[in-house]
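The primary structure of each chain is shown beneath.
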Amino acid sequence: MSNNETASPKIRALYEAALAVRSRAYAPYSGYFVGAAVQTATGAIYVGCNMENASYGATICAERVAMGAAVSAESRPQIVAVMIVTDAEIPWPPCGMCRQVIAEFGADCQIYCANLGGVMQQTPFAELYPQSFSIGHLQNT
């Protein structure tokens, strides 16, 4: 684990972007506000916050909202980094559904999980999700 203060300027910018959007999360059911920022190979940063729904299954995680913004802007973005900010003491990693979406656009990216105090964990995505389902599986049917 590291601290936001010792992170590179690029990672601090991702942290600040995710932290800022976290305050706009729609979380009336769980009360858990999550912000995410993804950076693409172009250097652009896209943000998202979680959006809960009364039917629960229609809830969308912050990471997928940010990935959707990247796709909307770049069509087929190459994600190089994902930052997730929560208020949890131990920073939260992306859920399984988010990992699958990240695999589609950022199989070689770095994942950064942080809390409001700036405590941060960095993990290569391949370590977090070593056997993701991909187009290769579909082509081998």
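Before any of the text, the structure's been laid out above.
What counts and how
- Residues numbered from 1 in each chain as written.
- Predicted model: local features only at pLDDT ≥ 70, side-chain atom pairs only at ≥ 80, totals over all residues.
- Heavy atoms only, no water.
- Phe/Tyr/Trp six-rings, centres within 6.5 Å; stacked < 30°, edge-to-face > 60°.
- Buried < 20%, exposed > 50% of the residue type's maximum accessible area, 1.4 Å probe, protein only.
- Salt bridge = Lys/Arg side-chain N within 4 Å of Asp/Glu carboxyl O.
- Helix = DSSP H or I, 4+ residues; strand = E, 2+ residues; numbered from the N terminus.
- Contact = heavy atoms within 4.5 Å.
- Axes fitted to C-alpha atoms, helices over the stretch in contact; angles between N-to-C directions.
- Parallel < 35°, antiparallel > 145°, perpendicular 65-115°, else oblique.
- Left-handed = near helix turned anticlockwise from the far one by under 90°.
- Nonpolar A, V, L, I, M, F, W, Y, C, P; charged D, E, K, R; others polar.
- Pairing = 2+ DSSP bridges.
- Disulfide = S-S within 2.5 Å.
- Expected span 1.5 Å × (residues − 1).
- Arc of directions from axis to C-beta.

A. Examining the packing of aromatic side chains more closely. Under the criterion given, the structure shown has three aromatic pairs. An angle of 70° between the planes, with centres 5.9 Å apart, marks the rings of Phe-125 and Tyr-129 as edge-to-face. Residue classification places Phe-125 among the buried positions, given a relative accessible area of 1%. You can call Tyr-129 partly exposed: its relative accessible area is 23%.

B. Highlighting the pattern of salt bridges. Per the counting criterion, the structure on display carries one salt bridge. Close ionic contact of Arg-22 with Asp-87 constitutes a salt bridge, the shortest N to O distance being 3.7 Å. One end of the pair, Arg-22, is in helix 1 (residues 9-22); the other, Asp-87, is in the loop between strand 4 (79-86) and helix 3 (96-106), with 65 residues separating them in the sequence. Overall, Arg-22 belongs to the buried group, its relative accessible area being 13%. Classification of Asp-87 by relative accessible area gives partly exposed; the value is 40%.

C. Local environment of the environment of Pro-94. Note on placement: Pro-94 falls in the loop between strand 4 and helix 3. On the basis of relative accessible area, Pro-94 is assigned to the buried category, the value being 1%. Remark: the alpha-carbon pair of Pro-94 and Ile-111, spanning 17 residues in sequence, is separated by 8.5 Å. If we skip the residues at most four places from it in the chain, Pro-94 touches Glu-63, Ile-84, Arg-99, Ile-102, Ile-111, Cys-113 and Leu-128.

D. Quick peek at the packing of helix 2 (residues 62-74) against helix 3. Put simply, helix 2 and helix 3 touch, their axes get as near as 9 Å, and they point 25° apart. Considering the angle they form, helix 2 stands roughly parallel to helix 3. Crossing handedness for the pair helix 2 and helix 3: left-handed. In this structure, helix 2 uses Glu-63, Arg-64, Met-67 and Val-71 to contact helix 3, whose residues at the interface are Met-97, Cys-98, Val-101, Ile-102 and Phe-105. Grouping the constituent residues of the contact of helix 2 with helix 3 by class yields seven nonpolar, no polar and two charged.

E. Seen up close, the pairing of strand 3 (residues 45-49). Two strands pair when backbone bridges link them, and strand 2 (residues 35-40) and strand 3 are joined in this way by five bridges, in the antiparallel orientation. When the bridges of strand 3 are listed, Gly-35 appears paired with Cys-49. Hairpin connection between strand 2 and strand 3: a loop of four residues separates the two successive antiparallel strands, and Gly-43 in this loop has a positive phi of roughly 95°.

F. Representation of the state of the cysteines. Counted under the stated rule, the structure contains zero disulfides. No disulfide involves Cys-49; its sulfur sits 12 Å from the nearest other cysteine sulfur, which is in Cys-61.

G. Spotlight on helix 1. If you check helix 1, its first and last C-alpha atoms are 20 Å apart, about what 14 residues at 1.5 Å a residue would give, namely 20 Å. Three or more residues of helix 1 are buried, namely Ile-11, Leu-14, Tyr-15, Ala-17, Ala-18, Val-21 and Arg-22. Viewed end-on, helix 1 has its buried residues packed into an arc of 165°, placing them on one side of the element. Of the surrounding elements, those touching the buried residues of helix 1 are strand 2, strand 3, strand 4, strand 5 (110-115) and strand 6 (119-124).

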